[in-house]
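Architecture and fold: a report
Spelled out from the first residue to the last, the chains are:
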Amino acid sequence: MTEADWRRLIEQLGYLPGGAARARPEYFGGLLAEEAGEADDAVDDHECIERWPLRVGGALCLRANGGALTLTLTGGDAPVDIADAGPTLLETAGAAGVSPLLLLLLAIATGQIDDGRRLKRAARGIDGAARDLMLMSVCRLCG
């Protein structure tokens, strides 16, 4: 995705009541743990640019992977790499003060980033919340 694509998603998050800042607690809050929880040995927390601990255990971790960013689900038997994005995600999200992990989930839900349905298989609740967020922010007929 290009910087313009990410900016378009950021703009669409602005249409939500409370804007992008309310998206995480509103759509994902019930799925996320209050505490950071224990780190997963397979993915060093220091590798995570952003980490969302899950109530069911494990965490979503956005980590640097060479020149790209990888969304990884930790916990369970082994980490599951969900999707990759280019470095423009981090740059654009940072400039706008928006969570890059949130933007990546929205891009997956809109189909702009192909995750091979790994998010749905590995974290059905997060996938559903991302789709709800997409409907309310991107789909002008629904939101």
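What this report covers is the structure whose coordinates are included nearby. (Residues numbered from 1 in each chain as written. Predicted model: local features only at pLDDT ≥ 70, side-chain atom pairs only at ≥ 80, totals over all residues. Heavy atoms only, no water.)

**Focus: the sheet that holds strand β2 (residues 59–65)**
The strand order across the open sheet built from 4 strands is β1-β2-β3-β4, with neighbouring strands paired in antiparallel fashion. Because the sheet does not close on itself, it has two edges, and the strands there are β1 (48–53) and β4 (80–85). Direction aside, the axes of adjacent strands within the sheet are offset by 20° on average. Bridge count between strand β3 (residues 68–74) and β4: 5 bridges; the pairing is antiparallel. Across the sheet, the residue bridging to Leu73 is Val80, located in β4. (Pairing = 2+ DSSP bridges. Helix = DSSP H or I, 4+ residues; strand = E, 2+ residues; numbered from the N terminus. Axes fitted to C-alpha atoms, helices over the stretch in contact; angles between N-to-C directions.)

**Focus: unusual backbone geometry**
Although it is not a glycine, Arg117 sits at a positive phi angle of roughly 65°. Following the sequence through the fold, Arg117 ends up in the loop between α4 (100–110) and α5 (118–122). With a relative accessible area of 45%, Arg117 lands in the partly exposed category. (Buried < 20%, exposed > 50% of the residue type's maximum accessible area, 1.4 Å probe, protein only.)

**A short note on the pairing of β3**
The element β3 is largely enclosed, with a buried count of 6 among its 7 residues. Two strands pair when backbone bridges link them, and β2 and β3 are joined in this way by 7 bridges, in the antiparallel orientation. When the bridges of β3 are listed, Ala64 appears paired with Leu69. From the end of β3 to the start of β4, which pair antiparallel, there are 5 residues, and Gly75 there has a positive phi angle of about 100°.

**Points about the environment of Ala21**
For Ala21, the location among the structural elements is in helix α2 (residues 20–28). Taking the C-alpha atoms as reference points, Ala21 and Ser99, 78 residues apart in sequence, are found 8.5 Å from one another.

**Some details on the packing of α2 against helix α6 (residues 124–137)**
Axis angle and axis distance: for two packed helices, these are the angle between their axes and the distance between the axes, and together they describe the pair. In contact at an axis separation of 9 Å, α2 and α6 are set at 130° when each is read in the N-to-C sense. By the criterion of interaxial angle, the relationship of α2 to α6 is oblique. Where α2 crosses over α6, the handedness of that crossing is right-handed. Of the residues in α6, those touching α2 at Ala23, Tyr27 and Phe28 are Ile126, Ala129, Ala130, Asp132, Leu133 and Met136. Of the residues assigned to the contact of α2 with α6, the class counts are 8 nonpolar, no polar and 1 charged. (Parallel < 35°, antiparallel > 145°, perpendicular 65-115°, else oblique. Left-handed = near helix turned anticlockwise from the far one by under 90°. Contact = heavy atoms within 4.5 Å. Nonpolar A, V, L, I, M, F, W, Y, C, P; charged D, E, K, R; others polar.)

**Observations concerning the nonpolar core**
Ranked by internal contacts, the top residues of the largest apolar core, which has 38 residues, are Phe28 and Leu105. When contributions to this core are tallied by element, the ones reaching two or more residues are α1 (3–13), α2, β2, β3, β4, α3 (88–96), α4 and α6. Look past the residues within four positions of Leu105 in its chain and what remains in contact with it is Phe28, Trp52, Leu60, Leu71, Leu119, Ile126 and Ala130. (Core = buried A, V, L, I, M, F, W, Y, C linked by side-chain atoms within 4.5 Å.)

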